[in-house]
Amino acid sequence: MKYYNLKDNKEVVNFKTASIKSQGNQKGLFFPENIPPLDKEFIQNLQLYSNEEIAFRCMKDFIGDEIPSEVLKKIAAETVSFDIPLRKINGQISILELFHGPTLAFKDVGARFMSRCLSYFLKDNTKKVTVLVATSGDTGGAVAHGFYNVPGIDVVILYPGNKVSKVQEKQLTALGGNISALEVNGNFDDCQNLVKQAFSDKNINSELFLTSANSINIARWLPQQIYYVLALKQWQQNESTNPVICVPSGNFGNICAGLLTYFRGLPVEHFVAACNKNDVVSDYLQTQQYQPKQAVATLSNAMDVGDPSNFTRILELFNRQFNDLKNMISAYTVDDESTLLTIQEVYQKYGYILDPHSAVAYSSLEKYLNENPGKKGFILGTAHPVKFPETVEKATQISVKIPEALKDLMKKDKKTVKINADFEELKRFLLNKNHGQ
């Protein structure tokens, strides 16, 4: 499998190069040259396959012989080594709980797969590798955990100061060791822009071996397909119709992975992009005009993205045909007041506790199903409610218990370096760190 640069289609690389390089010339994202279909018999008989085998089959065509099958099978097994249950909330809406991994967020799947791929590719590398990543909340913790104490790899995480929850902040700042956290005086888009500038800077790249762990990296983006197929395996046990799938959407890598599985043959009725006030894509589907905005802070902070990087991949999937895209994707905007109300109502009616991102998705899917009676679907539960205790407790009037796995972490000290949204400050930090200063 080869991958081409969406901003320079003459730049064509293999999976290894795309994974290590992360983005191409002109900050372009890599995209597969073809979309390999999933075997129809495989899709119809998912019950016959283990989760590990499903994960392997989802990924093998995108990697080819660049990772030996036995190694890839081990990576796939470790990627899905925790529960990913599809639970029914009510008769029309279920939730795929993606928060049972080590950092209680959906990004554990992509981060685990990517960290193991990079470790394999770089095992004979003599130059220390720096994984540079921007996070709006959960990516940082998942990446920190995935790469913690991996020999030969440093991790530098940029996150917006005072715009992530306390649990999220502890997960990305308390480990220390080979993990450095930069607290940026700005928003997620500022962090993401700094990362992109670093990848384009000749001085930095002459001294450092840089790669990224955001969903701009295909090794983080592509494995997110796996849990859509695992969800269908469970869906088929109880339902005869195709599901409507609603995804909390910020940088749009998650829903893009789901759409990729649809193009590979996964039977899906429709996709719903659930947006908070950062609703660039909702506006696009109404006006056909893509207009990035300044990100605004919301209760669903991991979705506070004003210029989602992965939307260009979605456009590529649909060959930039607006009508085809609009027929397959709907988008809804949910404000903070509605987010709180949804958490409250779902808890009171069904005894289920949603985190703010899942609440945005629930509200959006409920609207879509009301407008399209007779259909059923599921939302992606992208984070554990304990990551957002103030919001959840305000809505439900109950305290969220901290899982045992988090108790020790919450006692650790936060270790950060504060910087402005200024590329020269980031550059100095990276180069000084490389020189041991």
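The structure presented is a predicted model; accordingly, all values stated were derived computationally and were not measured. (Residues numbered from 1 in each chain as written. Predicted model: local features only at pLDDT ≥ 70, side-chain atom pairs only at ≥ 80, totals over all residues. Heavy atoms only, no water.)

Would you mind showing me how to read the overall build of the chain here?
Summing up its helical and strand segments, the chain has 20 helices and 14 strands in all. Whereas a compact globule of 437 residues would reach a radius of gyration of roughly 22 Å, the chain reaches 20 Å, a difference of no more than 12%. With respect to the three principal axes, the spread of C-alpha positions in the chain is 60 × 50 × 45 Å. Across the chain, every contact between residues at least 6 apart in sequence was considered, and the portion connecting residues at least 24 apart equals 76%. When the accessible surface of the chain is totalled, it reaches about 17,400 Å², and 44% of it is carbon and sulfur. Computed over 48 positive and 47 negative side-chain charges, the separation of the two mean positions in the chain equals 3 Å. (Helix = DSSP H or I, 4+ residues; strand = E, 2+ residues; numbered from the N terminus. Rg over C-alpha atoms; globule rule 2.2 N^0.38 Å. Contact = heavy atoms within 4.5 Å. Areas by Shrake-Rupley, 256 points an atom, 1.4 Å probe, with all protein chains shown as cover. Lys, Arg positive; Asp, Glu negative; His and termini not counted. Charge placed at Lys NZ, Arg CZ, Asp CG, Glu CD.)

Hey, could you run me through the UniProt feature "domain: Tryptophan synthase beta chain-like PALP" (unreviewed entry) in the chain in this one?
The feature "domain: Tryptophan synthase beta chain-like PALP" (unreviewed entry), as annotated in UniProt, sits at residues 96–371 in this numbering. Note that residues 96–371 is 49% helix and 16% strand, and that its end C-alpha atoms are spaced 22 Å apart. (UniProt positions renumbered as here; feature names shortened; annotations may be inferred.)

How do you make sense of the side chain of Ser180 when you look at a structure like this?
Checked against the element boundaries, Ser180 lands in strand 8 (residues 179–185). Judged by its relative accessible area of 13%, Ser180 falls in the buried class. For Ser180, the side chain forms a polar contact with the side chain of Lys433, separated by 3.2 Å. Contacts of Ser180, omitting those with residues within four sequence positions, involve Val155, Val156, Ile157, Phe429 and Lys433. (Buried < 20%, exposed > 50% of the residue type's maximum accessible area, 1.4 Å probe, protein only. Polar contact = N/O pair within 3.5 Å; in protein donor to acceptor, adjacent residues only side chain to side chain.)

Looking at this structure, how should I read helix 11 (residues 225–238)?
Turn by turn, an α-helix covers 3.6 residues, leaving residues three or four places apart pointing in a common direction. Across the 14 residues of helix 11, ten count as buried, placing the element largely inside the fold. Those residues of helix 11 not exposed but buried are Gln225, Ile226, Tyr227, Tyr228, Val229, Leu230, Ala231, Leu232, Lys233 and Trp235.

Help me out: how do you make sense of unusual backbone geometry in this one?
Positive phi outside glycine occurs at Phe252, with the angle close to 70°. Here Phe252 lies in the loop between strand 10 (244–248) and helix 12 (253–263). Looking at Phe252, the relative accessible area reads 5%, which means it is buried. Phi at Gln288 takes a positive value of approximately 65°, unusual for a residue other than glycine. Here Gln288 shows up in the loop between helix 13 (280–287) and helix 14 (311–317).

Before we go on, may I ask you to explain the packing of aromatic side chains in this structure?
Applying the stated rule across the entire model yields 15 aromatic pairs. Taking 5.4 Å as the distance between ring centres and 80° as the angle between the ring planes, the aromatic pair formed by Tyr284 and Phe322 counts as edge-to-face. Of this pair, Tyr284 sits in helix 13 while Phe322 sits in helix 15 (residues 322–328), and the two are 38 residues apart along the sequence. Using a relative accessible area of 9% as the deciding quantity, one classes Tyr284 as buried. Taking the ring centre of Phe56 as reference, the NZ or CZ of Lys73 above it sits at 5.2 Å. A cation over a ring is seen here: Lys123 above Tyr120, with NZ or CZ 3.9 Å from the ring centre. (Phe/Tyr/Trp six-rings, centres within 6.5 Å; stacked < 30°, edge-to-face > 60°. Lys NZ or Arg CZ within 6 Å of the ring centre and 35° of its normal.)

In this structure, what is going on with the pairing of strand 10? I would like to understand it.
Note on strand geometry: in a regular strand, side chains alternate between the two faces of the sheet. By the criterion of burial, strand 10 is predominantly enclosed, with five of the five residues buried. Of the two faces of strand 10, both are covered, the one formed by Val244, Cys246 and Pro248 as well as the one formed by Ile245 and Val247. Where strand 10 and strand 11 (residues 270–275) come together, five bridges link them in parallel fashion. When the bridges of strand 11 are listed, Val244 appears paired with His270. Here three bridges tie strand 10 to strand 13 (residues 377–381), and the two strands are oriented parallel to one another. Each bridged residue has a counterpart across the sheet, and for Cys246 the counterpart in strand 13 is Ile379. (Pairing = 2+ DSSP bridges.)

Looking at this structure, how should I read the sheet that holds strand 1 (residues 2–5)?
The strands making up a sheet are joined through hydrogen bonds of the backbone, oriented either antiparallel or parallel. Judged by pairing direction, the sheet is antiparallel, and its three strands sit side by side in the order 2-1-3 without closing on themselves. Two strands close off the open sheet at either side, each with one partner strand: strand 2 (8–14) and strand 3 (30–32). Strand-to-strand twist of the sheet, defined as the mean angle between neighbouring strand axes without regard to direction, takes the value 35°. As paired strands, strand 1 and strand 3 are joined by three bridges and run antiparallel to one another. Across the sheet, residue Tyr3 finds its bridge partner in strand 3, namely Pro32. (Axes fitted to C-alpha atoms, helices over the stretch in contact; angles between N-to-C directions.)

Is there a simple way to explain the UniProt feature "domain: Threonine synthase N-terminal" (unreviewed entry) in the chain in this structure?
Here the UniProt-annotated "domain: Threonine synthase N-terminal" (unreviewed entry) positions come out as residues 2–78. Secondary structure over residues 2–78 splits into 45% helix and 18% strand, and the C-alpha atoms at its two ends are 25 Å apart.

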